[in-house]
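Geometric and topological summary
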Amino acid sequence: MSTANHRPIVYFVIAGLLCASLTLNVFTYSRIRRLQAPAQSNAHSYYSVTPADIALAATVPQLPLTVQPATLKFVFGEHYNITKPEEWASLIPPHDGRVRLGEGAEFGVGMYQDMRCLDVIRAAFVRMRDTGSTERDERAEACFGHIRQAIACTADITLEPAKVKCSKDEETGKVVCPVISAVATGNRVDHRCRDWNQVRAFVEENQKSWV
Ligand SMILES: *[C@@H]1O[C@H](CO)[C@@H](O)[C@H](O)[C@H]1NC(C)=O
């Protein structure tokens, strides 16, 4: 009978599938263990991720706010000197700009997490510069990851002019402005942004309902 003839092949295929499944399970298990490993070895690491963290991150709601467009003229050197902690602190609402939503679950807001991070880096930079300290600041190091991705996320496509140096051509009397450097400071350039004041107003209003 043909069915009987095929039986060994069927068993062989089933055995093969079981082997493949077992291999994949072992592989997945070891991957999960590797993901968990840093959390177990160093509970305070800013890079440690637990399965609970991953599950929580997947269920985060959206801030119920439609942010309007706004223009920000970039200006350097007038305010927010790195040696002025109180000016940097004024950029962040109380409670590091956190909000409570729904049943009272608390969330950080991306923009304020980034501002806080920049302030952490600023403080570490000034401390290292002024004391010559070479001590690791793991929080400041982790902040580069947050800010790096925030910059990519925002994808600001404002064009910043190259540096030019104008001079009068002696022979023709024309003013010529050749590009002397592709690197410009971007000072006084208008950027198309989102209304950060509107976000602050939302956060402050939200915090009024905290008890
Ligand atoms: C910050 O302040 C210091 C001390 O007043 C000053 O020397 C420095 O030039 C300022 N930095 C900037 C970027 O304006």
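Residues numbered from 1 in each chain as written. Predicted model: local features only at pLDDT ≥ 70, side-chain atom pairs only at ≥ 80, totals over all residues.

On to the overall build of the protein. Within the protein, the secondary structure is distributed over six helices and eight strands. Counting from the amino terminus, helix and strand elements in the protein follow one another as α-α-β-α-β-β-α-α-β-β-β-β-β-α. Counting every position in the protein, which comprises 211 residues, the buried fraction comes to 6%. A fraction of 56% describes how many contacts in the protein between residues 6 or more apart in sequence connect residues 24 or more apart. (Helix = DSSP H or I, 4+ residues; strand = E, 2+ residues; numbered from the N terminus. Buried ≥ 20, exposed ≤ 12 C-beta atoms within 10 Å, placed from the backbone. Contact = placed C-beta atoms within 7 Å.)

Counting residues in hydrophobic clusters, the biggest one holds five residues: Val99, Val109, Tyr112, Met115 and Val203. Those residues in contact with tyrosine 112 that lie beyond four places of it in its chain are Ile92, Pro93, Asp96 and Gly97. (Core = buried A, V, L, I, M, F, W, Y, C linked by C-beta atoms within 7 Å.)

Relative orientation of the contacting elements helix α4 (residues 110–131) and helix α5 (residues 138–154) amounts to 135°, with a least axis distance of 9 Å. Here α5 runs oblique to α4, going by the angle between their axes. Of the two possible hands of crossing, α4 and α5 adopt the one that is left-handed. Taking contact as the criterion, the partners of Gly110, Gln113, Asp114, Cys117, Leu118, Val120, Ile121 and Ala124 in α4 are, on α5, Arg139, Ala140, Cys143, His146, Ile147 and Ala150. Here the residues of the contact of α4 with α5 sort into nine nonpolar, three polar and two charged. (Axes fitted to C-alpha atoms, helices over the stretch in contact; angles between N-to-C directions. Parallel < 35°, antiparallel > 145°, perpendicular 65-115°, else oblique. Left-handed = near helix turned anticlockwise from the far one by under 90°. Nonpolar A, V, L, I, M, F, W, Y, C, P; charged D, E, K, R; others polar.)

A word on the environment of glycine 104. Summarising the element assignment, glycine 104 is placed in the loop between β2 (99–101) and β3 (105–107). By C-beta crowding, glycine 104 is classed as exposed, having 9 other C-beta atoms within 10 Å. Linking glycine 104 and tryptophan 210, residues 106 residues apart in sequence, is a C-alpha distance of 8.6 Å.

Moving on, we get to the confidence of the model for the protein. With 77% of its residues at a pLDDT of at least 70, the protein reaches an overall mean of 84. Per-element confidence in the protein ranges from a low mean pLDDT of 55 for helix α1 (residues 2–41) to a high of 98 for helix α6 (residues 196–208). This model gives residues 32–42 a pLDDT under 50, and the stretch forms ten contacts once residues within four places in sequence are excluded. (pLDDT = per-residue confidence, 0-100.)

Moving on: α5. The end-to-end C-alpha distance of α5, which contains 17 residues, comes to 25 Å, matching closely the 24 Å that a straight helix rising 1.5 Å per residue would cover. A positive phi of about 45° marks alanine 155, the residue just after α5. (Expected span 1.5 Å × (residues − 1).)

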